[in-house]
Every structure is written in structure tokens, then in C-alpha cells.
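These are the residues of each chain, in order.
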Amino acid sequence: MRRHFMKKQSFIIVFLLVLLVLNVSCLGQQTQSTVAPMEKTEKETLYSTIQGFVGNWWNGSDLYPDPCGWTPIQGVDCDVVDGLWYVTGLSIGPIHDNYPSCTEDSEFRSHLFEFKHLKTLSFYNCFVSPNNHGKSISSLNWGKLGGTLESLEFRENPGLTERIPQGFGEIMQLQSLVLLENGLSGALPINLGNLVSLRRLVIAGNRFTGEIPASLSYLNIDSGTKLDTDESVGKTSGSAAVRLKASVFCCTFDGSLWEFGRQKMVVALLLMGFRFIL
């Protein structure tokens, strides 16, 4: 009886050990399956892009060997597409204390335009030295992001002193364009009127001159809705500043902001700080 009990006990111990080994193996396989790999070129694109803004001292491959997994980078959002990690959101600048700050020699490297699934891109307080260090937003091919980028923001970058690049008008999926409190100058590009998906436009706090392009009045914001003009705001080429004219929209004007909303759709044209030549 005792021998039978010992055999039974030994069998149970062996069985439990086998279960433990199988469980560890399954956990390892599960970990490998849930932590998707990242395409090598996508990873190199991310490292080079960030390094261009924060400085060559930043060694992403050593600091963040798995930027979308167990060593995430602040300001970087990722998503799995076809079993691989891809960058879908990128925020440059000290949005939070632990975000890397930009160097005075910040540059737009060509890698920025190589992301395959980038949806949101923002720059906050990255270009801050307008005196003798005025910079322009890269005029490289923004259209390469045109199939995916939905939101583009530049906030509080007084060191950006040049014109808005024409390439912004090639980001065809863009729904939100925010250019707030920068040092941008010159006229708005006429081809911004090509952004048929645009739902939000903010241009306050810059040094723009000239006329608001009449092309903005042709944006198809909603069926039955078109842009018109309003002489109480300022001139456009041949007419006046743009506004939406449609009874389905609720319109308010507080001296700086035209805002138009219908359900979840919001269109805002922020004009405060816009300097017109009349």
C-alpha cells in the first residue's frame, strides 16, 4: 500500500513538472507572438528622425532597442500592421518633462518622410531661437506622407520664421492642420485648398502677410456646404476672408475664431495674429 502511494505521488510530481514545463514554453511562445517585430528600415527611420531634432548624442539603438515594445520612446505611438510594428504617431519637443528637448541645430532629415503608416505628427517648442537661427519648415516631399497623415501640428516654435511649404497642400488625407504661435511669415499657400479632407485649420500667432487664398473657399467640407467670404473679417484674392456658409452649421465669431460644428465634425479657422495687407 505504501509503495503504491509513493508511485502515485511520484506520478503526480512528474505530471506537475511536465505541466510546468509546457506552461513556461507556452508563455514564451505567447510572448513572442504578442510582441511583434519591427521592420528594420522603420526602426532606422525612427532613430534618424528623432536624432535630427534632439542631436547626434542621442543613440536610439542603444537607448531604445525595442521602441514599440519593452523600451518605448516617449512621444512615439505604434500600431501593428500585417504582423509588424509601425510608427503611427510622433511628437517632437518637451511636451512632458521626460520628452527629449530639441537642439539648436534641429533639422528635418529625409527619413521623416519615409514612415509608412504615420497618422499624427507634432512639433512643440522645438525651434525656439528666431535671432540668427531662424529656420524654415522642410520643403521636402510632404506628399510622401499624403496617404496616411491626418494631423500635423507646429505649436510655439518662434524659430520657424519662413513660409509654409507648398508641400503641405499635398498631404491629401490631412484632417487637422495647426500652426499656432510660431514665427511663420509670408502668404498662405494657394494649394491648401487641395486638402479636401481638412476639418480644422489654426493659424494664430504668426506673421503671415498677404491675402487669404480664395482656394480655401472651395473645400468640400460637407455636402451642400461651401466656403464663402465675409467682408467684415478681411480680404482674400478678389473678395474677403473665408467663412463657411450653410444653414446646417452653427457659427460663432469671438474676434479671433470662426468655429463651425456639426455632430463630430469641427472646422476652425483661427485668425487672431494674422496680419493682412489690405
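Everything quoted here is computed from the prediction, not taken from an experiment.

Trainee: Would you explain empty space enclosed by the protein in this entry?
Mentor: Space left empty within the atom packing is revealed by a probe, the size of a water molecule, rolled over the atoms. Throughout the structure, instances matching the rule amount to two cavities of 30 Å³ or more. By volume, the second largest cavity is sized at about 70 Å³. Lining the second largest cavity are Ile 50, Val 54, Ile 73, Gln 74, Gly 75, Val 76, Leu 90, Ser 91, Ile 92, Gly 93, Tyr 99 and Pro 100. Of all the secondary structure elements, the ones that give two or more residues to the lining of the second largest cavity are helix 2 (40-54) and strand 2 (84-92). Classifying every residue of the lining of the second largest cavity gives eight nonpolar, four polar and no charged.

Trainee: Is there a simple way to think about the environment of Gln 166 in this case?
Mentor: Residue placement: Gln 166 occurs in the loop between strand 4 (151-155) and strand 5 (176-180). Separated by 22 residues in sequence, Gln 166 and Leu 188 place their C-alpha atoms 8.9 Å apart. Leave out the neighbours within four places in its chain, and Gln 166 touches Pro 189 and Asn 191.

Trainee: Help me understand unusual backbone geometry, please; the structure alone is not making it clear to me.
Mentor: Peptide bonds are mostly trans, and most non-glycine residues show a negative phi. Even without a glycine there, the phi angle at Asp 82 is positive, about 55 degrees. Relative to the helices and strands, Asp 82 resides in the loop between strand 1 (76-81) and strand 2. Note on Asp 82: relative accessible area 77%, which makes it exposed. Positive phi outside glycine occurs at Asn 125, with the angle close to 50 degrees. Among the secondary structure elements, Asn 125 is positioned in the loop between strand 3 (120-124) and strand 4.

Trainee: Please clarify how the nonpolar core should be interpreted in this entry.
Mentor: In summary, soluble globular proteins display a tendency toward joint burial of nonpolar side chains. Counting 49 residues, the largest nonpolar core has Leu 90, Trp 142, Leu 152, Phe 154 and Phe 168 as the members making the most contacts within it. Elements with a minimum of two residues in this core: helix 2, strand 2, strand 3, strand 4 and strand 5. At five residues, the largest contribution of residues to this core is made by helix 2. Look past the residues within four positions of Trp 142 in its chain and what remains in contact with it is Leu 112, Phe 113, Leu 121, Ile 137, Leu 152, Phe 154, Pro 165, Gly 167, Phe 168 and Ile 171.

Trainee: I keep staring at the packing of aromatic side chains and nothing clicks. Help me out?
Mentor: Two numbers describe a pair of aromatic rings. These are the distance of the centres and the angle of the planes. Tallying each qualifying case throughout the model produces 12 aromatic pairs. With centroids separated by 4.9 Å and ring planes inclined at 85 degrees, the aromatic side chains of Phe 113 and Trp 142 adopt a geometry described as edge-to-face. Here Phe 113, found in the loop between strand 2 and strand 3, pairs with Trp 142, found in the loop between strand 3 and strand 4; they are 29 residues apart in sequence, far enough to count as distant. In this pair, the class of Phe 113 matches that of Trp 142, namely buried. Members of the aromatic cluster, connected to one another through ring pairs, are Phe 53, Phe 108, Phe 113, Phe 123, Phe 127, Trp 142, Phe 154 and Phe 168.

Trainee: Before we go on, may I ask you to explain the pattern of salt bridges in this structure?
Mentor: Side-chain pairs of opposite charge can arise whenever the charged atoms involved come near each other. With the rule as written, the count across this model stands at four salt bridges. Across the pair Lys 144 and Glu 114 runs a salt bridge whose closest N-O atoms are separated by 2.6 Å. Here Lys 144 is found in the loop between strand 3 and strand 4, whereas its partner Glu 114 is found in the loop between strand 2 and strand 3, with 30 residues between them in sequence. Note on Lys 144: relative accessible area 43%, which makes it partly exposed. Taking the shortest distance from any N to any O, the salt bridge between Arg 155 and Glu 153 comes out at 2.8 Å. A relative accessible area of 26% places Arg 155 in the partly exposed class.

Scoring rules and cut-offs
Residues numbered from 1 in each chain as written. Predicted model: local features only at pLDDT ≥ 70, side-chain atom pairs only at ≥ 80, totals over all residues. Heavy atoms only, no water. 1 Å grid on protein atoms, 1.4 Å probe; cavity = no way out; pocket = protein on both sides within 12 Å on 5 of 7 lines; lining within 4 Å. Points joined across faces, edges and corners; volume = space filled by probe spheres on them. Helix = DSSP H or I, 4+ residues; strand = E, 2+ residues; numbered from the N terminus. Nonpolar A, V, L, I, M, F, W, Y, C, P; charged D, E, K, R; others polar. Contact = heavy atoms within 4.5 Å. Buried < 20%, exposed > 50% of the residue type's maximum accessible area, 1.4 Å probe, protein only. Core = buried A, V, L, I, M, F, W, Y, C linked by side-chain atoms within 4.5 Å. Phe/Tyr/Trp six-rings, centres within 6.5 Å; stacked < 30°, edge-to-face > 60°. Salt bridge = Lys/Arg side-chain N within 4 Å of Asp/Glu carboxyl O.

Don't take any of this as a statement about function, it's just geometry.
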